[in-house]
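# Residue-level structure breakdown
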Amino acid sequence: MTDLFSFNPLYSLSGLLVGALVGITGVGGGSLMTPLLVLLFGVHPATAVGTDLLYAAVTKTAGTAVHGMHGRVNWRIVGCLAAGSVPAALLTLWLMAGVDRRSVEVAHTITLALGWLLVMTAFMLIFRKQVLALALRSIGERSPPKPLTIAIWTMVLGLVLGTLVTLTSVGAGALGVTVLLVLYPRLDVREIVGSDIVHAVPLTLIGGMGYWVIGEINWGMLFALLVGSIPGIIAGSLIAPKLHERTIRIVLALTLAVVAWKLLAT
């Protein structure tokens with residue numbers, strides 16, 4: 001475990017930039033932070049994921065408070081997601097604890113999964129509206145699903161997210177929100193986003209604590225990232241209304257695509 005008081009200002013600068021992008025676009029930091037740590041700083045994938053999960057738990061807590069105060073949380077959705085994601089996260093952590101995380105095979109598996117998730121995230125950033133329209137049109141031609149069926153599919157989504165987020169720290173944002181919008185087309189988008197963020201807090205916290213137990217947290221790096229990212233998120237949130245969100249999302253999607261290519265090519 002790295003000394004808590006070892007401080008690298010480059011981590012803080014990275015946290016500032018990622019935090020600003022999160023504040024502007026709303027895309028989760030895991031899509032940006034974990035690959036940045038792996039590619040730019042050479043951090044081992046398991047350590048990058050574990051540190052980023054705790055980083056996400058801290059930064060998303062503020063978002064949870066905001067959405068909760070504005071009543072933008074559907075606790076039924078949160079409960080259904082957690083019913084699937086928490087057991088999946090615990091199972092994934094148990095599997096991670098039982099393997100040699102320093103091995104080339106484990107590092108390659110995490111990197112490969114991270115790369116493909118970034119490809120999917122980039123795709124959703126650009127084509128979310130088209131994907132939603134196609135999915136809703138297909139569902140509209142059938143009889144509406146029963147509430148129990150929707151609840152079961154929400155739990156299945158939670159199971160998938162629990163596995164992906166614990167393995168790579170990516171997936172709960174762009175991918176999770178898109179599927180929720182298909183499952184709950186009549187709900188306000190802000191309520192969907194708020195519920196997704198609230199669900200991500202315990203999920204990332206459980207994942208991060210699990211990686212702590214198995215010794216994959218770099219505390220000095222985590223502290224440095226938070227020092228930069230918290231003001232970055234605040235600044236990004238203030239700048240966001242003055243920018244063209246569509247352009248920012250396209251640039252971010254292209255960046256993620258390049259990063260994904262780098263990860264998949266290694």
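Throughout what follows, the structure given in this document is the object of discussion. (Residues numbered from 1 in each chain as written. Predicted model: local features only at pLDDT ≥ 70, side-chain atom pairs only at ≥ 80, totals over all residues. Heavy atoms only, no water.)

Moving on to helix 8 (residues 189–213). Side chains three or four residues apart in an α-helix point the same way, a direct result of the helix having 3.6 residues per turn. Taking 1.5 Å as the rise per residue, helix 8 with 25 residues should run 36 Å; its terminal C-alpha atoms sit 36 Å apart, in good agreement. Trailing helix 8 by a residue or two, Gly 215 shows a phi angle of about 80°, which is positive. (Helix = DSSP H or I, 4+ residues; strand = E, 2+ residues; numbered from the N terminus. Expected span 1.5 Å × (residues − 1).)

Quick look at the pattern of salt bridges now. One pass over the structure, following the stated rule, counts two salt bridges. A salt bridge links Arg 101 to Glu 216; the shortest N-O distance between them is 2.9 Å. Of this pair, Arg 101 sits in the loop between helix 4 (75–97) and helix 5 (104–140) while Glu 216 sits in the loop between helix 8 and helix 9 (219–239), and the two are 115 residues apart along the sequence. Of the two residues, Arg 101 and Glu 216, neither departs from the other in class, the shared state being buried. Measuring nitrogen to oxygen at the nearest pair gives 2.5 Å for the salt bridge that ties Glu 216 to Arg 102. Of this pair, Glu 216 sits in the loop between helix 8 and helix 9 while Arg 102 sits in the loop between helix 4 and helix 5, placing them 114 residues apart in sequence. Taking the relative accessible area as the measure of exposure, Glu 216 reaches 4% and is therefore buried. Under the relative-accessibility criterion, Arg 102 is labelled partly exposed at 46%. The structure contains a network of salt bridges with shared partners spanning Arg 101, Arg 102 and Glu 216. (Salt bridge = Lys/Arg side-chain N within 4 Å of Asp/Glu carboxyl O. Buried < 20%, exposed > 50% of the residue type's maximum accessible area, 1.4 Å probe, protein only.)

Here we take up the nonpolar core. One finds Leu 37, Leu 118 and Tyr 211 to be the most contacted residues of the largest nonpolar core, which totals 47 residues. Here the element with the most residues in this core is helix 5; it accounts for nine residues. Contacts of Tyr 211, omitting those with residues within four sequence positions, involve Ala 46, Val 49, Gly 50, Leu 53, Leu 93, Met 96, Thr 166, Leu 167, Glu 216 and Ile 217. (Core = buried A, V, L, I, M, F, W, Y, C linked by side-chain atoms within 4.5 Å. Contact = heavy atoms within 4.5 Å.)

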